[in-house]
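Survey of secondary and tertiary structure
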Number of protein chains: 2
Amino acid sequence: MIDELIDRVYADVAFRLSRPVVELEASGRHLHLSRADADQLLGPGVPLTPVHDLSQPGQYTCAERIRVIGPKGEFPSLVVVGPERAQSQIELSLTDAKVLGVTAPVRLSGDLAKTPGVTLVGPAGRVDLTSGVMIAQRHIHMDPAYASLHGIRDRQVVSVRVWGDRGMTFHNVIVRLSPDFATYMHIDYDEANACGFRAGMLGTVII
Amino acid sequence: MIDELIDRVYADVAFRLSRPVVELEASGRHLHLSRADADQLLGPGVPLTPVHDLSQPGQYTCAERIRVIGPKGEFPSLVVVGPERAQSQIELSLTDAKVLGVTAPVRLSGDLAKTPGVTLVGPAGRVDLTSGVMIAQRHIHMDPAYASLHGIRDRQVVSVRVWGDRGMTFHNVIVRLSPDFATYMHIDYDEANACGFRAGMLGTVII
């Protein structure tokens, strides 16, 4: 009976001390296409060609490459991430945005109001976007079961600490919950370089 | 503007709580030359030409530009920071190092053992360095009077928190004390982009 109580106390302490842990992934620059823009760039009805599954179920890189032209510079062959989205979206780091010469805000995916545009050129034609360029706000995709274990709500803002030479704590990290998500934190390459990112790096979530 | 106000309020609160506050500066890629290498690159005895004083007393950018060539890429005209140093040193961000194609370690200034080399080309000649390329470890130059006010010792490792959209806490920040120093924290452009750096940004030192 005492042994059982001791076990339960240890289990409870372990639970209280166990902080959620997330694996980090660094997202390179890429773009998502609307079906209408894909029609213009690739040809009417031409489907995207999945090449490599990403960590988020149903998301994949495509064989298609798009030339992205800004006022100051360009990326000659930016990778497309599928499937199609409601609106085309170009996700850059601040370093990338400077290369193109656009002033892109830090945004959550899909929140494209008042973002700058850019010109896209594909094998079948071109599109002059009036918006769509953004810097992805650091975020965590989280499985709701894992979140509920730690009392984390959808859209909760947390901090995440990583260790190493360039150890840092990311603040203002928004957690998104969906049964379709695998649990990963996404940062861009400026953040990855700043924190000494290595593949498989883990961060501790501080609530 | 709101970010700036938040910075100022936090800086004020930090001051009232008597935590040390440092202004951040982002260091772009640059190089320091030894006199021997300057002789090769610029001509024997040709002096560096000061153009712009930096925040650290006695340090200045120079009119001279040096071509820096790595195995994968180059910077055609890298700025020289004077005066001459005991050994030539090329300070890059991780992003820059990838452009050149060198694997540069994170180091304190002057600690150049086992760093990679690179080729330098100036108006009078070239130098094939066998070492000297590094990524500057985030650090604080601090006036000893300010440090003693807060009980900070030379080479103490602290954390520094900055606010804003991309707010973060830098850990493993080394403090260097010298009566020749003005109190500033130096980060590179990966770190600057990752934390939403703006000129005049303040950070709170967490001891």
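Report on the accompanying structure. Along each chain, the written sequence defines residue order, and numbers are assigned to residues from 1. To read the labels, note that chains go from A and ligands from 1, taken in the order they are written. For this predicted model, a pLDDT threshold of at least 70 governs which residues receive local features, and a threshold of 80 or more governs which side-chain atom pairs are given and counted, while totals over whole chains, interfaces and linings are taken from all residues. Note that water and hydrogens are dropped before the side-chain values are worked out from all heavy atoms of the structure.

1. Considerations on the overall build of chain A
Keep this limit in mind: Under the DSSP-based scheme used, a helix requires at least four consecutive residues in state H or I and a strand at least two consecutive residues in state E, with every element numbered from the N terminus. Residue exposure (1.4 Å probe, protein chains only): buried if accessible area is under 20% of the type maximum, exposed if over 50%, otherwise partly exposed. Contact between two residues is taken to exist if any of their heavy atoms lie within 4.5 Å; hydrogens are not considered. The method behind every accessible area is Shrake-Rupley, applied with a 1.4 Å probe, and residues are considered shielded solely by the protein chains displayed.
Scanning chain A for helices and strands turns up five helices and 15 strands. Seen through its C-alpha atoms, chain A measures out along the principal axes to roughly 75 × 35 × 30 Å. Across the 207 residues that make up chain A, the buried fraction comes to 46%. In chain A, the share of contacts with a sequence separation of at least 24, taken over all contacts with a separation of at least 6, comes to 67%. When the accessible surface of chain A is totalled, it reaches about 10,100 Å², and 56% of it is carbon and sulfur.

2. Digging into the environment of Met 142 of chain B
Residues and elements named next belong to chain B. Considering the arrangement of structural elements, one finds Met 142 in strand E11 (residues 139-142). Residues Met 142 and Val 102 lie 40 residues apart in sequence; the distance between their C-alpha atoms is 31 Å. Discounting residues that sit within four places of it in the chain, Met 142 has contacts with Val 22, Ala 147, Ile 152, Val 175, Arg 176, Leu 177, Ser 178, Phe 181, Ala 182 and Thr 183.

3. Notes on the nonpolar core
Worth spelling out the cut-off: For our purposes a nonpolar core is just a set of buried Ala, Val, Leu, Ile, Met, Phe, Trp, Tyr and Cys residues, chained together by side-chain atoms within 4.5 Å.
Counting residues in each nonpolar core, the largest one holds 42 residues, and the members touching the most others are Ile 140, Phe 170 and Met 185 of chain A together with Ile 140, Phe 170 and Met 185 of chain B. Residues within four places of Phe 170 of chain B in sequence aside, it is in contact with Gly 167 and Met 168 of chain A together with Leu 24, Arg 138, Val 158, Ser 159, Val 160, Val 162, Met 185, Ile 187, Glu 191 and Cys 195 of chain B.

4. What to know about the interface of chain B and chain A
For clarity, the cut-off: Buried area, as used here, totals the accessible surface that two parts lose on assembly, with accessibility defined by a 1.4 Å probe and the loss added over both. Counted as salt bridges are all cases of a side-chain nitrogen of Lys or Arg within 4 Å of a carboxyl oxygen of Asp or Glu.
Counting from both sides, the interface comprises 23 residues of chain B and, opposite them, 23 residues of chain A. Summed over both partners, the interface of chain B with chain A comes to about 2,000 Å²; 43% of that surface belongs to carbon and sulfur atoms. The largest share of the area that chain B buries against chain A comes from Arg 166, His 171 and Asn 193 of chain B, three residues that together contribute 30% of it. Counting every contact that joins chain B to chain A gives four salt bridges. Residue Arg 166 of chain B pairs with Glu 191 of chain A through a salt bridge whose shortest N-O separation is 3.3 Å.

5. Regarding the side chain of Arg 166 of chain B
Let me state the cut-off plainly: Whenever a nitrogen or oxygen atom comes within 3.5 Å of another N or O atom, the pair is scored as a polar contact, on the condition that within protein one atom can donate a hydrogen and the other can accept it, and that pairs from neighbouring residues in sequence are kept only if both atoms are in side chains.
Its place among the elements puts Arg 166 of chain B in the loop between strand E12 (157-162) and strand E13 (168-177). For Arg 166 of chain B, a relative accessible area of 6% translates into the label buried. A distance of 3.3 Å separates the side chain of Arg 166 of chain B from the side chain of Glu 191 of chain A, its partner in a polar contact. Leave out the neighbours within four places in its chain, and Arg 166 of chain B touches Val 106, Ile 135, Ala 136, Arg 138, Asn 172, Asp 188 and Glu 191 of chain A together with Asn 193, Ala 194, Cys 195 and Gly 196 of chain B.

6. Some thoughts on the pattern of salt bridges
Inspection of every chain in the model, using the stated rule, returns 18 salt bridges over all chains. Note that Arg 107 of chain A is salt-bridged to Asp 111 of chain A, the shortest N-O span being 3.7 Å. Asp 188 of chain B is paired through a salt bridge with Arg 166 of chain A; the nearest N and O atoms lie 2.9 Å apart. Of this pair, Asp 188 of chain B sits in strand E14 (residues 184-188) while Arg 166 of chain A sits in the loop between strand E12 (157-162) and strand E13 (168-177), which puts the two residues in different chains. Bridged by salt links that share partners, the residues Arg 138, Asp 188 and Glu 191 of chain A together with Arg 166 of chain B form one connected network.

7. A few points about the pairing of strand E10 (residues 133-136) of chain A
Residues and elements named next belong to chain A. Heads up, the rule is: The pairing criterion for strands is at least two bridges between them, as found by DSSP.
Neither face of E10 is open: one carries Val 133 and Ile 135, the other Met 134 and Ala 136, and all of them are buried. Across three bridges, the pairing between strand E6 (residues 89-92) and E10 is parallel. Bridged to Leu 92 within E10 is Ile 135. Summarising the sheet, strand E7 (residues 106-107) and E10 pair through two bridges and their orientation is parallel. Bridging from a neighbouring strand, Arg 107 pairs with Ala 136 of E10.

8. Here we look at the environment of Arg 35 of chain A
Residues and elements named next belong to chain A. With respect to the helices and strands, the residue Arg 35 is situated in helix H2 (residues 35-42). Note on Arg 35: relative accessible area 27%, which makes it partly exposed. Sequence-wise, Arg 35 and Gly 45 are ten residues apart; in three dimensions their C-alpha atoms are separated by 8.1 Å. Beyond its immediate chain neighbours, meaning those up to four positions away, Arg 35 contacts Gly 43, Gly 45, Val 46, Pro 47, Glu 84 and Arg 85.

9. Let's talk about unusual backbone geometry
All names here are of chain A. The omega torsion across Gly 82 and Pro 83 is 5°, close enough to zero to call that bond cis. Secondary-structure assignment places Pro 83 in the loop between strand E5 (74-82) and E6. In the Ramachandran plot, Asn 172 falls in the positive-phi region, its phi being about 55° despite a non-glycine side chain.

10. A closer look at the environment of Arg 107 of chain B
All names here are of chain B. Along the chain, Arg 107 falls in strand E7 (residues 106-107). With a relative accessible area of 17%, Arg 107 lands in the buried category. Separated by 30 residues in sequence, Arg 107 and Gln 137 place their C-alpha atoms 5.1 Å apart. Those residues in contact with Arg 107 that lie beyond four places of it in its chain are Leu 112, Ala 113, Lys 114, Thr 115, Met 134, Ile 135, Ala 136 and Gln 137. At a separation of 2.9 Å, a polar atom in the side chain of Arg 107 contacts the main-chain carbonyl oxygen of Asp 111.

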